[in-house]
Structure formats: structure tokens, C-alpha cells
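Close look at the chain arrangement
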2 protein chains.
Amino acid sequence: MTDPLLESVVRANHELFMRTGDRVSRPLEEMGLTLATAQALWAIDPDRPPPSMKVLAGRLYCNAPNLSFVVNQLVDRGLVERGTDPADRRARVAVLTGRGREMRERVVDLLLRQSPFAECGAEELRHLTELLERVLDRSAD
Amino acid sequence: MTDPLLESVVRANHELFMRTGDRVSRPLEEMGLTLATAQALWAIDPDRPPPSMKVLAGRLYCNAPNLSFVVNQLVDRGLVERGTDPADRRARVAVLTGRGREMRERVVDLLLRQSPFAECGAEELRHLTELLERVLDRSAD
DNA sequence: AACAGTGCTTCGAGACTCGAAGTAAGTGTG
DNA sequence: CACACTTACTTCGAGTCTCGAAGCACTGTT
């Protein structure tokens, strides 16, 4: 009853993710980051309005206390500042500092270069994007 | 210099993995498992010779002390037993118990059913398998 | 028999995660 | 307006996960 094709896809997806994380952990450590803080940094796009804690927690699939902890790490490192959303003064937003933007760029660059997907050709990447985005859309909550 | 296609593929890979983990954590908890123990269980294929600690650590991208810890959890739950490899008596192997085999089957079934890939058709799955396996092979260490 | 190397475990410290409880700010109802 | 209710976030405490250092057991080599 278990589909071998489904199993191999899920396993490959898992494997690719773990392999990237493995390759990246040392360089991140040298930048003073952990995997958790790096992912949080990645989730804050400087070209978009700064996300609230709630939005950020959703993107990272973690809960509020956990996110508070991770954002504190980033604040302690001078990469992020907390602000208040003027439209809803309950909400705190995460804003990248100058060093934060710089560090985020290095992190994204590292993650992409170390990913096994980095060795794909343009044609493969177009193909993969199309397939994976479709799967994501279909499973949207 | 950052390829938007590469970025979307890496992001999708990350997203699909995290979404599966998120959906699966509650049911696993009800089975008395965590994500770490479930992945370890998945990594022990009962139809193949029982893996040594070293092999298992490689599959899970963790180091030896960490694997010892996780295997202890499985032993405490009666799902795994430690054995000694007769060919090299330094090496310990992880062997599934009867309950372990049963639990592993439930875990794999859960992971596959909850994965966003579960909604793919056979054609998509064939396509994805081919692409992802190629990427994996190319980045083999 | 000594010795260096390998596989694993234990230990201790740090990082991560989460539920429960508390604070501040918005919302709705009378 | 006052009141209860909800929402967004933080703090706290406990449990889980991860890893480097140190130590034990076995192997292969000289």
C-alpha cells in the first residue's frame, strides 16, 4: 500500500534538505550564526514590509515563544531590531539592521551555493521550480 | 548574482520538508515518538542488514554521541535492540524488535500520507523522482 | 606484546522547543 | 464609557536535541 515512487520522492526531499544543512553548519558557526538564526534571517526579506512575530513564526513553522527566543538571538547580534506596527500597536515587527541586511545576503548566498541544487542547469531548475511550486500550491492551508 | 530559480527551488525544498514535519509532530507524539526518533526508525530498513551506529549516524547527518542518545530512546521504548557485529566486535548494530518493525511501518505510512507530495499523480511522481535522484547522485560525497 | 587507529558510549554544556502564565493592546457589547 | 473578550507577544520553566572532550573496547600492525 506504500507507493515506492512517493517514498523515494519524500526521502530525496528529506535527504537534500539535511545534506544542505550539514554542509552549511560550519560556515554559519564561523559567522556567529546557528541554523535556526540563519533561517530566521532568511525569512526576513528586506524588500518587503517587515513581518510581525506571528507572520515570522508561521513562515518558520515554530510557535510564538520559540520565535521570541530566536529573534532575541538576532537582536543580541545586532542584526535585527524590534519595532511596533503603527497599524496594530500590539504587534512587534522584525526589522533588519544594516549589518542584518549584509549578513542575510551572505547567508542566502551560502545556502544557495552549498545546496545540491546549485549544480543544476537552467533547464532542470525551471522544471523543478514548476513541479515543486505546484505541489506547494496544492497543499496550501 | 543570486539565481531566482535556484532560490525558489531551495526554498520550496525547505518549505516542503518543514510543512511535513509540522503536520506530523502531533500524531508522532501520540505514538510516543519525536521527530528525531521517528527519522531514526525510518532509517532502519528491516529488509536490509542491520546498520551499525556509524552508518546510521551518516544516514541521519548526526554525530556519534547524538546517535547514541537517539538509539537509547528507541531502546527504552522497546523498538530497537543493540547487537554486536560478529565481523567487527567493536561495532554495535541497531536491530528492530517486533514492535519496532510494526511502529516503523506506521511511521513511514504517516510520513508519506502527510507529505504534500502525497497529492501528486503518478506521472508527477515519476518526473520528480527522476529529477531529484539525479540531483542527489550528482552531489554524492 | 606494544601501539596507533576505529567504533561507540558517557558526560557536561549549550542550543532549541514548547506549554503555561502574564502583560499590553485592540474589539465588541451593553 | 465600562466591561468582558480576544489577540500579539514575552517570560519562565521543563524537556529535548546536539555536540566536543574524554574514556572504554576491539582491531590491525609492527
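Residues numbered from 1 in each chain as written. Chains lettered and ligands numbered in written order. Predicted model: local features only at pLDDT ≥ 70, side-chain atom pairs only at ≥ 80, totals over all residues. Heavy atoms only, no water.

1. Some points on the relation of the copies chain B and chain A
Mapping chain B onto chain A calls for a screw motion: a turn of 180° about the axis and a shift of 0.0 Å along it, with 0.1 Å RMSD after fitting. In symmetry terms, the pair is related by a two-fold rotation axis. No C-alpha of chain B approaches the rotation axis more nearly than that of Asn13 of chain B, which lies at 3.2 Å. Taken as a fraction of all interface residues of chain B, those also at the interface in chain A reach 100%, which identifies the copy contact as same-surface. (Least-squares fit on C-alpha atoms with pLDDT ≥ 70 in both. Contact = heavy atoms within 4.5 Å.)

2. With respect to the protein's contact with DNA strand C
Near DNA strand C there are 22 residues, and of these Thr34 of chain A together with Arg26, Lys54, Ser68 and Arg82 of chain B occur at the shortest range. In DNA strand C, atoms within 4 Å of the protein come from the sugar-phosphate backbone in 76% of cases. Here Ser68 of chain B contributes a side-chain N or O atom positioned 2.5 Å from a phosphate oxygen of DNA strand C. Counting only elements with at least two residues in the surface near DNA strand C, the list comes to α4 (64–76) of chain A together with α3 (53–60) and α4 (64–76) of chain B. Taken together, the residues of the surface near DNA strand C sort by class into 7 nonpolar, 7 polar and 8 charged. (Near = heavy atom within 4 Å. Polar contact = N/O pair within 3.5 Å; in protein donor to acceptor, adjacent residues only side chain to side chain. Helix = DSSP H or I, 4+ residues; strand = E, 2+ residues; numbered from the N terminus. Nonpolar A, V, L, I, M, F, W, Y, C, P; charged D, E, K, R; others polar.)

3. Examining the interface of chain B and chain A
On the chain A side, the residues contacting the 49 residues of chain B number 50 residues. Carbon and sulfur atoms make up 69% of the surface buried where chain B meets chain A, a total of about 5400 Å² over both sides. Considering only the surface of chain B that becomes buried against chain A, Asn13, Trp42 and Tyr61 of chain B emerge as the three largest contributors, covering 13% of it. For the pair chain B and chain A, the interface holds 4 salt bridges. (Buried area = accessible area lost by both parts, 1.4 Å probe. Salt bridge = Lys/Arg side-chain N within 4 Å of Asp/Glu carboxyl O.)

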